Amino acid sequence: MICGFADRQGVPGEIGSLLLGVNEDGQLRYAGSVGTGWDSKTAAAIRARLAKLTTDAAPFPPASMGGSRWGPARTGAPRWVKPCLVAEVEFAEWTPSNQVRQASFKALRSETPASEVHKEAVRVEAGATLAALKITHPERVIDPTTGITKLDLVRYYESVADWMLPHLAVRPVALLRAPDGIGGEAFFQKHAETTKLPGWTEHPASLWPGHGRLLTVDSADALIGAAQLNVVEFHTWNSTTVDLTHPDRIIFDLDPGEGVSWQHVQEAALLVQTLLGELGLAAWLKTSGGKGLHVVVPVAPEFDYDVVKAFSRAAVQHLAKTLPQRFVAKSGPSNRKGKVFVDYLRNGIAQTTAAAFSARARPGMGVSMPVAWDQLPQLKSAYQWTVRNAREYLSFRTNDPWCDFWSTTQSLRGPMEHLS
DNA sequence: GCCGCAA
DNA sequence: TTGCGGCAACGCTCC
DNA sequence: GGAGCG
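Residues numbered from 1 in each chain as written. Chains lettered and ligands numbered in written order. Predicted model: local features only at pLDDT ≥ 70, side-chain atom pairs only at ≥ 80, totals over all residues. Heavy atoms only, no water.

(A) How the structure looks around the sheet that holds strand E21 (residues 370–371). Spatial strand order, E18-E19-E15-E17-E16-E21: 6 strands in an open sheet with mixed pairing. The open sheet terminates on both sides in strands that have one partner only, identified here as strand E18 (327–328) and E21. Pairing between strand E16 (residues 284–287) and E21: 2 bridges, direction antiparallel. The residue of E21 that forms the bridge with Lys-286 is Pro-370. Along the sheet, helix H6 (residues 305–322) makes contact with strand E15 (249–256), E18 and strand E19 (340–343), crossing E15 at roughly 35°. (Pairing = 2+ DSSP bridges. Helix = DSSP H or I, 4+ residues; strand = E, 2+ residues; numbered from the N terminus. Contact = heavy atoms within 4.5 Å. Axes fitted to C-alpha atoms, helices over the stretch in contact; angles between N-to-C directions.)

Below is the structure:
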(Lines give C-alpha, C1' and ligand atoms only; values in the text may rest on other atoms or scores of the structure.)
Protein backbone atom coordinates (compact mmCIF):
# COMPACT_ATOMS: atom_id res chain seq x y z
CA MET A 1 0.00 0.00 0.00
CA ILE A 2 1.14 3.49 -0.68
CA CYS A 3 0.72 5.24 2.67
CA GLY A 4 2.63 8.42 2.03
CA PHE A 5 5.29 10.14 -0.01
CA ALA A 6 8.07 12.67 0.15
CA ASP A 7 8.77 15.21 -2.57
CA ARG A 8 11.88 14.91 -4.64
CA GLN A 9 14.40 17.35 -3.24
CA GLY A 10 14.78 20.38 -5.45
CA VAL A 11 12.15 19.20 -7.92
CA PRO A 12 8.68 20.17 -6.82
CA GLY A 13 5.90 18.21 -8.39
CA GLU A 14 7.79 14.94 -8.47
CA ILE A 15 7.82 12.02 -6.06
CA GLY A 16 11.08 11.50 -4.20
CA SER A 17 10.03 8.38 -2.35
CA LEU A 18 6.93 6.40 -1.49
CA LEU A 19 6.20 5.21 2.03
CA LEU A 20 4.88 1.69 1.96
CA GLY A 21 2.65 -0.32 4.24
CA VAL A 22 1.36 -3.87 4.36
CA ASN A 23 -1.64 -5.35 6.16
CA GLU A 24 -0.85 -7.29 9.27
CA ASP A 25 -3.43 -8.56 11.74
CA GLY A 26 -6.05 -6.30 10.29
CA GLN A 27 -4.02 -3.09 10.36
CA LEU A 28 -1.37 -1.39 8.32
CA ARG A 29 2.25 -1.67 9.26
CA TYR A 30 5.14 0.37 7.91
CA ALA A 31 7.10 -1.65 5.34
CA GLY A 32 9.85 0.74 4.30
CA SER A 33 10.11 3.12 1.40
CA VAL A 34 11.02 3.05 -2.24
CA GLY A 35 12.80 5.90 -4.03
CA THR A 36 13.71 4.60 -7.44
CA GLY A 37 12.26 2.81 -10.41
CA TRP A 38 10.41 5.71 -12.02
CA ASP A 39 11.30 8.39 -14.53
CA SER A 40 10.44 12.07 -14.19
CA LYS A 41 7.18 11.68 -16.04
CA THR A 42 6.00 8.81 -13.87
CA ALA A 43 7.19 10.57 -10.71
CA ALA A 44 5.10 13.59 -11.64
CA ALA A 45 2.08 11.49 -12.53
CA ILE A 46 2.16 9.63 -9.24
CA ARG A 47 2.66 12.91 -7.40
CA ALA A 48 -0.46 14.31 -9.05
CA ARG A 49 -2.46 11.23 -8.24
CA LEU A 50 -1.38 11.21 -4.60
CA ALA A 51 -2.03 14.92 -4.15
CA LYS A 52 -5.74 14.21 -4.26
CA LEU A 53 -5.44 11.63 -1.50
CA THR A 54 -3.47 13.55 1.10
CA THR A 55 -4.60 13.36 4.68
CA ASP A 56 -3.28 14.49 8.05
CA ALA A 57 -3.80 11.16 9.68
CA ALA A 58 -0.86 8.77 9.58
CA PRO A 59 -2.00 5.23 8.71
CA PHE A 60 0.35 3.83 11.32
CA PRO A 61 2.08 5.34 14.36
CA PRO A 62 5.20 7.25 13.24
CA ALA A 63 6.99 5.63 16.14
CA SER A 64 6.61 2.28 14.42
CA MET A 65 8.71 3.62 11.59
CA GLY A 66 11.89 3.39 13.64
CA GLY A 67 13.95 0.44 12.67
CA SER A 68 15.60 1.80 9.57
CA ARG A 69 18.75 3.85 9.50
CA TRP A 70 17.75 5.16 6.11
CA GLY A 71 14.21 5.97 7.11
CA PRO A 72 12.14 8.76 5.70
CA ALA A 73 13.67 11.28 8.07
CA ARG A 74 16.43 11.73 5.49
CA THR A 75 14.16 12.78 2.72
CA GLY A 76 12.08 15.39 4.44
CA ALA A 77 8.74 15.28 6.16
CA PRO A 78 6.40 12.60 4.90
CA ARG A 79 3.03 13.52 3.51
CA TRP A 80 0.39 10.95 4.34
CA VAL A 81 -2.18 9.72 1.84
CA LYS A 82 -5.29 7.65 2.24
CA PRO A 83 -4.16 4.06 1.74
CA CYS A 84 -6.04 3.13 -1.38
CA LEU A 85 -3.34 2.82 -4.03
CA VAL A 86 -1.24 -0.28 -4.40
CA ALA A 87 2.26 -0.25 -5.81
CA GLU A 88 4.12 -3.23 -7.16
CA VAL A 89 7.62 -3.01 -5.74
CA GLU A 90 10.52 -5.32 -6.42
CA PHE A 91 12.99 -5.80 -3.60
CA ALA A 92 15.87 -8.02 -2.58
CA GLU A 93 14.63 -9.16 0.82
CA TRP A 94 12.92 -8.18 4.05
CA THR A 95 15.20 -6.52 6.58
CA PRO A 96 15.17 -7.75 10.18
CA SER A 97 12.78 -4.89 10.98
CA ASN A 98 10.42 -6.05 8.24
CA GLN A 99 11.18 -3.37 5.71
CA VAL A 100 11.95 -3.81 2.06
CA ARG A 101 15.64 -3.79 1.11
CA GLN A 102 16.84 -2.46 -2.26
CA ALA A 103 13.34 -1.60 -3.31
CA SER A 104 12.50 -0.55 -6.83
CA PHE A 105 9.15 0.72 -8.01
CA LYS A 106 7.53 -1.29 -10.83
CA ALA A 107 4.00 -0.07 -11.35
CA LEU A 108 0.81 1.16 -9.78
CA ARG A 109 -1.68 -1.61 -9.17
CA SER A 110 -5.15 -0.19 -9.07
CA GLU A 111 -7.04 -3.46 -9.23
CA THR A 112 -5.89 -4.88 -5.93
CA PRO A 113 -8.19 -4.21 -2.99
CA ALA A 114 -6.27 -2.58 -0.15
CA SER A 115 -7.33 -5.25 2.29
CA GLU A 116 -5.52 -7.89 0.25
CA VAL A 117 -2.05 -6.41 0.52
CA HIS A 118 -0.04 -8.58 2.86
CA LYS A 119 3.59 -9.35 3.23
CA GLU A 120 4.39 -11.70 0.43
CA ALA A 121 5.54 -15.12 1.52
CA VAL A 122 9.26 -15.39 1.00
CA ARG A 123 10.01 -17.43 -2.06
CA VAL A 124 13.32 -17.77 -3.79
CA GLU A 125 13.29 -16.34 -7.28
CA ALA A 126 13.77 -19.13 -9.76
CA GLY A 127 14.96 -16.67 -12.38
CA ALA A 128 18.69 -16.95 -11.81
CA THR A 129 18.92 -20.65 -12.53
CA LEU A 130 16.84 -20.30 -15.64
CA ALA A 131 18.80 -17.52 -17.26
CA ALA A 132 20.81 -20.09 -19.19
CA LEU A 133 17.84 -21.06 -21.28
CA LYS A 134 17.68 -19.26 -24.57
CA ILE A 135 14.28 -17.96 -25.57
CA THR A 136 13.98 -17.32 -29.28
CA HIS A 137 11.63 -14.65 -30.59
CA PRO A 138 10.73 -13.36 -27.11
CA GLU A 139 8.76 -10.44 -28.48
CA ARG A 140 6.67 -12.48 -30.87
CA VAL A 141 2.99 -11.85 -30.19
CA ILE A 142 1.30 -15.19 -29.58
CA ASP A 143 -2.16 -13.85 -28.75
CA PRO A 144 -3.17 -11.03 -31.09
CA THR A 145 -6.29 -10.24 -29.06
CA THR A 146 -4.24 -9.21 -26.02
CA GLY A 147 -0.74 -8.69 -27.38
CA ILE A 148 0.64 -11.38 -25.07
CA THR A 149 4.13 -12.33 -26.25
CA LYS A 150 6.15 -15.50 -26.04
CA LEU A 151 8.22 -13.87 -23.30
CA ASP A 152 5.04 -13.11 -21.34
CA LEU A 153 4.20 -16.81 -21.45
CA VAL A 154 7.72 -17.83 -20.42
CA ARG A 155 7.65 -15.37 -17.54
CA TYR A 156 4.24 -16.63 -16.49
CA TYR A 157 5.43 -20.22 -16.25
CA GLU A 158 8.62 -19.08 -14.54
CA SER A 159 6.58 -17.28 -11.90
CA VAL A 160 4.17 -20.14 -11.19
CA ALA A 161 6.72 -22.95 -11.40
CA ASP A 162 6.75 -23.51 -7.63
CA TRP A 163 2.99 -23.75 -7.56
CA MET A 164 2.60 -25.75 -10.73
CA LEU A 165 5.31 -28.39 -10.52
CA PRO A 166 3.63 -30.40 -7.74
CA HIS A 167 0.62 -30.81 -10.04
CA LEU A 168 2.79 -31.71 -13.00
CA ALA A 169 5.93 -33.50 -11.98
CA VAL A 170 4.72 -37.02 -11.21
CA ARG A 171 2.23 -37.44 -14.05
CA PRO A 172 2.57 -38.29 -17.74
CA VAL A 173 1.77 -35.24 -19.84
CA ALA A 174 0.23 -34.29 -23.12
CA LEU A 175 1.58 -30.95 -24.29
CA LEU A 176 -0.33 -28.69 -26.61
CA ARG A 177 2.13 -26.77 -28.74
CA ALA A 178 1.19 -23.74 -30.79
CA PRO A 179 4.22 -22.59 -32.80
CA ASP A 180 2.07 -20.21 -34.83
CA GLY A 181 0.38 -18.68 -31.82
CA ILE A 182 -3.21 -18.77 -30.60
CA GLY A 183 -5.46 -19.34 -33.60
CA GLY A 184 -2.69 -20.97 -35.57
CA GLU A 185 -2.43 -24.69 -36.05
CA ALA A 186 -1.59 -26.51 -32.85
CA PHE A 187 -0.65 -30.13 -32.07
CA PHE A 188 -0.35 -32.41 -29.09
CA GLN A 189 2.86 -34.08 -28.12
CA LYS A 190 3.15 -36.95 -25.65
CA HIS A 191 6.36 -38.62 -26.76
CA ALA A 192 9.88 -37.44 -27.37
CA GLU A 193 10.86 -39.79 -30.19
CA THR A 194 12.64 -37.24 -32.34
CA THR A 195 12.79 -33.88 -30.62
CA LYS A 196 15.32 -33.75 -27.84
CA LEU A 197 13.60 -31.98 -25.03
CA PRO A 198 15.23 -29.69 -22.50
CA GLY A 199 15.16 -31.40 -19.12
CA TRP A 200 12.03 -33.45 -19.70
CA THR A 201 11.99 -36.98 -18.37
CA GLU A 202 11.38 -39.74 -20.88
CA HIS A 203 10.20 -42.90 -19.17
CA PRO A 204 11.16 -46.40 -20.30
CA ALA A 205 8.75 -48.11 -22.67
CA SER A 206 8.19 -50.73 -19.97
CA LEU A 207 6.20 -48.18 -17.95
CA TRP A 208 3.32 -48.58 -20.40
CA PRO A 209 4.08 -51.56 -22.62
CA GLY A 210 2.90 -51.35 -26.19
CA HIS A 211 2.79 -47.58 -26.31
CA GLY A 212 5.14 -44.72 -26.91
CA ARG A 213 7.46 -43.74 -24.09
CA LEU A 214 5.70 -41.41 -21.68
CA LEU A 215 6.96 -38.00 -20.78
CA THR A 216 6.94 -35.96 -17.56
CA VAL A 217 7.77 -32.31 -16.98
CA ASP A 218 9.33 -32.32 -13.56
CA SER A 219 11.61 -29.33 -13.18
CA ALA A 220 11.48 -25.60 -13.68
CA ASP A 221 13.97 -25.98 -16.52
CA ALA A 222 11.70 -28.44 -18.28
CA LEU A 223 8.76 -26.12 -17.78
CA ILE A 224 10.54 -23.12 -19.27
CA GLY A 225 12.07 -25.28 -21.98
CA ALA A 226 8.58 -26.35 -22.92
CA ALA A 227 7.47 -22.74 -23.21
CA GLN A 228 10.43 -22.08 -25.51
CA LEU A 229 9.05 -24.87 -27.71
CA ASN A 230 5.70 -23.06 -27.73
CA VAL A 231 3.98 -25.40 -25.33
CA VAL A 232 0.94 -23.45 -24.20
CA GLU A 233 -1.14 -26.11 -22.44
CA PHE A 234 0.02 -28.82 -20.06
CA HIS A 235 -2.41 -31.73 -19.73
CA THR A 236 -1.87 -34.52 -17.21
CA TRP A 237 -2.99 -38.07 -16.57
CA ASN A 238 -5.08 -38.97 -13.54
CA SER A 239 -2.45 -41.43 -12.32
CA THR A 240 1.22 -41.00 -11.49
CA THR A 241 4.22 -42.74 -12.97
CA VAL A 242 4.59 -44.50 -9.62
CA ASP A 243 1.37 -46.42 -10.18
CA LEU A 244 0.31 -45.79 -13.74
CA THR A 245 -2.74 -48.01 -13.88
CA HIS A 246 -4.43 -46.83 -10.67
CA PRO A 247 -5.72 -43.26 -10.82
CA ASP A 248 -5.18 -41.18 -7.69
CA ARG A 249 -7.73 -38.56 -8.63
CA ILE A 250 -11.02 -38.11 -10.45
CA ILE A 251 -11.83 -35.06 -12.51
CA PHE A 252 -15.27 -33.73 -13.27
CA ASP A 253 -14.92 -31.29 -16.13
CA LEU A 254 -17.92 -28.96 -16.10
CA ASP A 255 -18.43 -27.88 -19.66
CA PRO A 256 -21.28 -25.41 -20.23
CA GLY A 257 -23.27 -25.90 -23.43
CA GLU A 258 -24.42 -23.08 -25.63
CA GLY A 259 -26.46 -20.42 -23.88
CA VAL A 260 -25.49 -21.40 -20.33
CA SER A 261 -24.99 -18.44 -17.98
CA TRP A 262 -21.97 -18.21 -15.73
CA GLN A 263 -24.23 -18.34 -12.69
CA HIS A 264 -25.59 -21.63 -13.97
CA VAL A 265 -22.04 -23.00 -14.10
CA GLN A 266 -21.36 -21.83 -10.56
CA GLU A 267 -24.50 -23.53 -9.30
CA ALA A 268 -23.62 -26.69 -11.18
CA ALA A 269 -20.21 -26.83 -9.49
CA LEU A 270 -21.86 -26.46 -6.11
CA LEU A 271 -24.27 -29.29 -6.92
CA VAL A 272 -21.41 -31.54 -7.95
CA GLN A 273 -19.64 -30.76 -4.70
CA THR A 274 -22.82 -31.48 -2.77
CA LEU A 275 -23.31 -34.86 -4.41
CA LEU A 276 -19.69 -35.79 -3.78
CA GLY A 277 -20.04 -34.66 -0.18
CA GLU A 278 -23.07 -36.89 0.26
CA LEU A 279 -20.99 -39.76 -1.05
CA GLY A 280 -18.33 -38.91 1.51
CA LEU A 281 -15.79 -37.41 -0.88
CA ALA A 282 -13.98 -34.10 -0.43
CA ALA A 283 -13.37 -32.24 -3.67
CA TRP A 284 -11.31 -29.27 -4.82
CA LEU A 285 -12.16 -26.59 -7.34
CA LYS A 286 -10.23 -24.81 -10.08
CA THR A 287 -11.09 -22.65 -13.02
CA SER A 288 -10.38 -24.29 -16.34
CA GLY A 289 -9.03 -21.14 -17.95
CA GLY A 290 -11.52 -21.74 -20.74
CA LYS A 291 -15.28 -21.96 -20.39
CA GLY A 292 -15.93 -24.16 -17.38
CA LEU A 293 -14.73 -25.39 -14.03
CA HIS A 294 -12.84 -28.48 -12.88
CA VAL A 295 -13.85 -30.37 -9.74
CA VAL A 296 -10.98 -32.59 -8.62
CA VAL A 297 -11.31 -35.49 -6.18
CA PRO A 298 -8.15 -37.09 -4.78
CA VAL A 299 -8.56 -40.81 -4.20
CA ALA A 300 -6.42 -43.65 -2.98
CA PRO A 301 -4.88 -45.43 -5.98
CA GLU A 302 -6.59 -48.71 -5.21
CA PHE A 303 -8.77 -49.28 -8.31
CA ASP A 304 -7.96 -49.39 -11.98
CA TYR A 305 -9.18 -46.93 -14.59
CA ASP A 306 -12.22 -48.97 -15.61
CA VAL A 307 -13.58 -48.98 -12.06
CA VAL A 308 -12.88 -45.31 -11.45
CA LYS A 309 -14.35 -44.27 -14.76
CA ALA A 310 -17.48 -46.34 -14.14
CA PHE A 311 -17.89 -44.61 -10.80
CA SER A 312 -17.51 -41.16 -12.30
CA ARG A 313 -19.97 -42.04 -15.06
CA ALA A 314 -22.48 -43.25 -12.48
CA ALA A 315 -22.08 -40.01 -10.52
CA VAL A 316 -22.66 -37.88 -13.61
CA GLN A 317 -25.61 -40.00 -14.76
CA HIS A 318 -27.12 -39.60 -11.33
CA LEU A 319 -26.84 -35.82 -11.63
CA ALA A 320 -28.34 -35.83 -15.12
CA LYS A 321 -31.19 -38.03 -13.97
CA THR A 322 -32.11 -36.08 -10.83
CA LEU A 323 -31.51 -32.60 -12.30
CA PRO A 324 -32.20 -33.06 -16.03
CA GLN A 325 -32.89 -29.36 -16.50
CA ARG A 326 -29.32 -28.54 -15.49
CA PHE A 327 -27.10 -31.46 -16.41
CA VAL A 328 -26.45 -33.77 -19.32
CA ALA A 329 -24.25 -36.85 -19.27
CA LYS A 330 -24.04 -37.17 -23.06
CA SER A 331 -21.23 -35.47 -24.89
CA GLY A 332 -22.92 -34.60 -28.18
CA PRO A 333 -23.42 -30.88 -28.75
CA SER A 334 -27.05 -31.32 -29.77
CA ASN A 335 -28.73 -32.06 -26.46
CA ARG A 336 -26.39 -29.82 -24.49
CA LYS A 337 -28.01 -26.50 -25.20
CA GLY A 338 -28.68 -24.62 -21.98
CA LYS A 339 -27.13 -27.37 -19.86
CA VAL A 340 -23.85 -28.25 -18.26
CA PHE A 341 -22.13 -31.35 -19.59
CA VAL A 342 -20.11 -32.95 -16.83
CA ASP A 343 -17.38 -34.71 -18.73
CA TYR A 344 -16.49 -37.94 -16.93
CA LEU A 345 -14.64 -39.31 -19.98
CA ARG A 346 -11.50 -37.59 -18.75
CA ASN A 347 -11.25 -40.38 -16.18
CA GLY A 348 -10.24 -43.12 -18.62
CA ILE A 349 -6.71 -44.43 -19.03
CA ALA A 350 -4.39 -42.15 -21.01
CA GLN A 351 -6.97 -39.37 -20.95
CA THR A 352 -5.69 -36.00 -19.88
CA THR A 353 -7.03 -32.71 -18.57
CA ALA A 354 -5.48 -29.26 -18.46
CA ALA A 355 -3.39 -29.11 -15.29
CA ALA A 356 -3.65 -26.51 -12.56
CA PHE A 357 -1.82 -23.35 -13.67
CA SER A 358 -1.80 -24.41 -17.31
CA ALA A 359 -2.50 -21.57 -19.69
CA ARG A 360 -5.05 -22.16 -22.42
CA ALA A 361 -4.46 -21.66 -26.13
CA ARG A 362 -7.47 -19.42 -26.64
CA PRO A 363 -7.95 -15.70 -26.99
CA GLY A 364 -7.16 -13.99 -23.69
CA MET A 365 -5.01 -16.89 -22.52
CA GLY A 366 -6.86 -17.78 -19.35
CA VAL A 367 -5.14 -20.06 -16.86
CA SER A 368 -6.48 -22.89 -14.74
CA MET A 369 -6.47 -21.48 -11.19
CA PRO A 370 -7.03 -23.47 -8.01
CA VAL A 371 -9.54 -21.69 -5.77
CA ALA A 372 -11.36 -22.31 -2.50
CA TRP A 373 -15.00 -23.33 -2.53
CA ASP A 374 -15.98 -20.15 -0.73
CA GLN A 375 -14.54 -18.19 -3.64
CA LEU A 376 -16.99 -19.85 -6.03
CA PRO A 377 -19.78 -17.28 -5.65
CA GLN A 378 -17.37 -14.44 -6.37
CA LEU A 379 -15.78 -15.96 -9.45
CA LYS A 380 -16.40 -13.84 -12.52
CA SER A 381 -15.57 -16.41 -15.18
CA ALA A 382 -13.49 -19.48 -15.94
CA TYR A 383 -10.85 -17.24 -17.50
CA GLN A 384 -10.80 -14.65 -14.73
CA TRP A 385 -7.09 -15.31 -14.27
CA THR A 386 -4.81 -15.11 -17.26
CA VAL A 387 -1.16 -15.25 -18.23
CA ARG A 388 -1.24 -11.50 -17.61
CA ASN A 389 -2.80 -11.19 -14.17
CA ALA A 390 -2.24 -14.54 -12.42
CA ARG A 391 1.18 -13.67 -11.02
CA GLU A 392 -0.10 -10.61 -9.24
CA TYR A 393 -3.05 -12.51 -7.82
CA LEU A 394 -0.81 -15.27 -6.52
CA SER A 395 1.69 -12.89 -4.96
CA PHE A 396 -1.03 -11.32 -2.83
CA ARG A 397 -2.76 -14.58 -2.00
CA THR A 398 -2.07 -15.42 1.61
CA ASN A 399 -2.79 -19.13 1.75
CA ASP A 400 -3.07 -22.06 -0.60
CA PRO A 401 -6.71 -23.09 -1.05
CA TRP A 402 -5.55 -26.55 -2.13
CA CYS A 403 -3.26 -26.99 0.86
CA ASP A 404 -5.10 -30.06 2.17
CA PHE A 405 -5.50 -31.58 -1.29
CA TRP A 406 -2.08 -33.15 -1.09
CA SER A 407 -2.60 -34.96 2.18
CA THR A 408 -6.11 -36.22 1.43
CA THR A 409 -6.43 -39.94 0.76
CA GLN A 410 -9.97 -41.17 0.48
CA SER A 411 -11.19 -44.55 -0.62
CA LEU A 412 -13.81 -45.00 -3.33
CA ARG A 413 -15.05 -48.18 -1.69
CA GLY A 414 -17.78 -46.54 0.39
CA PRO A 415 -18.85 -43.98 -2.21
CA MET A 416 -19.17 -46.71 -4.87
CA GLU A 417 -21.53 -48.74 -2.69
CA HIS A 418 -23.44 -45.60 -1.79
CA LEU A 419 -24.03 -44.76 -5.42
CA SER A 420 -25.04 -48.15 -6.72
C1' DG B 1 10.29 -25.24 -33.01
C1' DC B 2 12.66 -28.71 -34.57
C1' DC B 3 13.76 -32.84 -36.76
C1' DG B 4 14.10 -36.13 -40.53
C1' DC B 5 13.38 -37.01 -45.12
C1' DA B 6 12.57 -36.03 -50.07
C1' DA B 7 13.12 -33.14 -53.78
C1' DT C 1 20.05 -26.42 -49.71
C1' DT C 2 15.28 -25.93 -49.29
C1' DG C 3 10.67 -27.48 -48.39
C1' DC C 4 7.46 -30.09 -46.03
C1' DG C 5 5.06 -33.14 -42.92
C1' DG C 6 4.85 -34.93 -38.30
C1' DC C 7 4.47 -33.86 -33.70
C1' DA C 8 -2.01 -38.08 -29.49
C1' DA C 9 -5.40 -40.87 -28.89
C1' DC C 10 -9.62 -42.54 -27.02
C1' DG C 11 -14.53 -43.36 -26.51
C1' DC C 12 -18.60 -41.46 -27.48
C1' DT C 13 -22.40 -39.62 -30.50
C1' DC C 14 -24.55 -38.82 -34.43
C1' DC C 15 -25.19 -39.79 -39.29
C1' DG D 1 -18.75 -47.95 -40.89
C1' DG D 2 -17.18 -43.45 -40.58
C1' DA D 3 -16.79 -38.51 -39.64
C1' DG D 4 -16.69 -35.33 -36.03
C1' DC D 5 -15.73 -34.04 -31.45
C1' DG D 6 -13.78 -33.07 -26.98
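Having put the structure on the table, let's press on.
(B) Here's a closer look at the pattern of salt bridges. Under the defined criterion, the tally for this structure stands at 14 salt bridges. Here Arg-47 makes a salt bridge to Asp-7, at a shortest N to O gap of 2.5 Å. With Arg-47 in helix H1 (residues 40–51) and Asp-7 in strand E1 (residues 2–7), the pair connects residues that are 40 residues apart, well separated along the chain. The buried category is assigned to Arg-47, whose relative accessible area is 15%. The class of Asp-7 is partly exposed, set by a relative accessible area of 27%. (Salt bridge = Lys/Arg side-chain N within 4 Å of Asp/Glu carboxyl O. Buried < 20%, exposed > 50% of the residue type's maximum accessible area, 1.4 Å probe, protein only.)

(C) The arrangement of the packing of helix H3 (residues 150–168) against helix H4 (residues 220–228) in detail. Remark: H3 packs on H4, axes separated minimally by 9 Å, with the N-to-C direction vectors making an angle of 145°. For the pair H3 and H4, the crossing hand works out as right-handed. Residue-level inspection shows Lys-150, Val-154, Tyr-157, Glu-158, Ala-161, Met-164, Leu-165 and Leu-168 of H3 in contact with H4, the latter providing Ala-220, Leu-223, Ile-224, Ala-227 and Gln-228. Broken down by class, the residue content of the contact of H3 with H4 amounts to 10 nonpolar, 1 polar and 2 charged. (Left-handed = near helix turned anticlockwise from the far one by under 90°. Nonpolar A, V, L, I, M, F, W, Y, C, P; charged D, E, K, R; others polar.)

(D) Representation of the UniProt feature "domain: DNA ligase D polymerase" (unreviewed entry) in chain A in the model. UniProt's feature table lists "domain: DNA ligase D polymerase" (unreviewed entry) at residues 149–402, given in the numbering used throughout. As a span, residues 149–402 carries 28% helix and 19% strand, and end to end its C-alpha atoms are 30 Å apart. (UniProt positions renumbered as here; feature names shortened; annotations may be inferred.)

(E) Just the pairing of E19, in detail. Covered by surrounding structure in E19 are Val-340 and Val-342 together with Phe-341 and Asp-343, the residues of both alternating faces. Sheet analysis places E15 next to E19, joined by 4 bridges and oriented antiparallel. Each bridged residue has a counterpart across the sheet, and for Leu-254 the counterpart in E19 is Val-342. Of the pairings in the sheet, the one linking E18 to E19 comprises 2 bridges and is parallel in character. Paired with Phe-327 across the strands is Val-340, a residue of E19.

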